[in-house]
Amino acid sequence: MTIRPIAESDLDRVHALSAQLGYPGDRDATLARIRAVIASPIADAFVAEDEGGRVLGWGHVFAAPFIESGPVAELGGLVVDEGSRGRGIGAALVARAEAWARERGLGQLCLRCNVIRAETHEFYRRLGFEIQKTQHKFRKAVP
C-alpha cells in the first residue's frame with residue numbers, strides 16, 4: 001500500500017468512497033472540492049492505493065486557526081473502502097495526517113465523527129484519540 005497526494009484522476013474512486021460514508025453528492029461537485037483542497041495552502045488530501053494502483057481510501061486534513069484555543073490540524077474526512085477495512089489503511093491515512101500536522105508545527109490533530117459510527121469511534125480510540133467534547137453541529141444556508 002502507498003499513501004500519496006490526491007489527484008484529479010482519483011475522482012471516480014474518491015466519489016464512490018464518499019458515497020460509502022453516506023455522502024453520494026454530485027460527481028462534478030466532488031471534483032470541484034478535490035481541486036479546492038489541492039489549491040489550498042492550509043489543506044491537503046491523500047489517498048491510499050494498493051499495489052495495482054486502486055484507491056482504497058482517502059483522507060483530508062486542514063489547519064484550523066482557532067482564536068480561543070490556538071491552531072490545530074483537523075481531519076476533515078477519512079474513508080476506507082468497506083471491503084478493505086481492518087488492514088491498517090485507515091491508520092496509515094491518519095499517520096499521514098499526523099505527519100502533515102507536525103510538518104506545520106500544529107501540535108494537535110482533531111476530528112469530528114458522527115455519533116452513530118460506534119465502530120469508527122473505537123478505531124480512533126485505538127489510535128490514541130480521546131473524546132474532547134460532545135456538541136451539536138448547526139448549519140444554515142447562506143443565500
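See the structure shown above.
Residues numbered from 1 in each chain as written. Predicted model: local features only at pLDDT ≥ 70, side-chain atom pairs only at ≥ 80, totals over all residues. Heavy atoms only, no water.

**Thoughts on the packing of helix α1 (residues 11–20) against helix α2 (residues 27–39)**
Step number 1: One way to put it is that α1 packs onto α2 with a least axis distance of 10 Å and a crossing angle of 110°. In terms of orientation, α1 lies roughly perpendicular with respect to α2. Only Arg-27, Thr-30, Leu-31 and Ile-34 of α2 make contact with α1, whose side of the interface consists of Leu-11, Asp-12, Val-14 and His-15.
Step number 2: By residue class, the composition of the contact of α1 with α2 is four nonpolar, two polar and two charged. (Axes fitted to C-alpha atoms, helices over the stretch in contact; angles between N-to-C directions. Helix = DSSP H or I, 4+ residues; strand = E, 2+ residues; numbered from the N terminus. Parallel < 35°, antiparallel > 145°, perpendicular 65-115°, else oblique. Contact = heavy atoms within 4.5 Å. Nonpolar A, V, L, I, M, F, W, Y, C, P; charged D, E, K, R; others polar.)

**Remarks on the pattern of salt bridges**
Step number 1: Per the stated rule, a full pass over the model turns up ten salt bridges.
Step number 2: Residue Arg-4 is joined to Glu-49 by a salt bridge in which the shortest nitrogen-to-oxygen separation is 3.0 Å. Separated by 45 residues along the polypeptide, Arg-4 in strand β1 (residues 2–5) and Glu-49 in strand β2 (residues 43–49) bring together distant segments of the chain.
Step number 3: On the basis of relative accessibility, which here comes to 21%, the residue Arg-4 falls in the partly exposed class.
Step number 4: A salt bridge links Glu-103 to Arg-96, with the nearest nitrogen and oxygen atoms 3.9 Å apart.
Step number 5: One salt-bridge network, held together by shared partners, links Asp-44, Arg-96, Glu-103 and Arg-104. (Salt bridge = Lys/Arg side-chain N within 4 Å of Asp/Glu carboxyl O. Buried < 20%, exposed > 50% of the residue type's maximum accessible area, 1.4 Å probe, protein only.)

**Points about the packing of aromatic side chains**
Step number 1: Counted by the stated rule, this structure contains two aromatic pairs.
Step number 2: Relative to Phe-129, the ring of Tyr-124 has its centre 5.5 Å away and its plane inclined at 75°; by these criteria the two rings are edge-to-face.
Step number 3: Looking at Phe-129, the relative accessible area reads 16%, which means it is buried.
Step number 4: Connected via pairs of aromatic rings, a cluster forms that spans Phe-123, Tyr-124 and Phe-129. (Phe/Tyr/Trp six-rings, centres within 6.5 Å; stacked < 30°, edge-to-face > 60°.)

**Section: the environment of Val-61**
Step number 1: One can find Val-61 in strand β3 (residues 55–66).
Step number 2: The buried category is assigned to Val-61, whose relative accessible area is 0%.
Step number 3: In this structure, the C-alpha to C-alpha distance between Val-61 and Gly-77, residues 16 residues apart in sequence, is 7.2 Å.
Step number 4: Once residues lying within four places of it in the same chain are set aside, the contact partners of Val-61 are Ile-42, Ala-43, Asp-44, Phe-46, Ala-73, Glu-74, Leu-75, Gly-76, Ala-97, Trp-100 and Leu-109.

**Regarding the environment of Trp-58**
Step number 1: Relative to the elements of secondary structure, Trp-58 occurs in strand β3.
Step number 2: Taking relative accessible area as the criterion, Trp-58 reaches 14% and is therefore assigned buried.
Step number 3: Sequence spacing of Trp-58 and Leu-17 is 41 residues, and the spatial spacing of their C-alpha atoms is 8.1 Å.
Step number 4: Excluding anything up to four places from it in sequence, Trp-58 contacts Val-14, Leu-17, Ser-18, Phe-46, Val-47, Gly-77, Leu-78, Val-79 and Leu-93.

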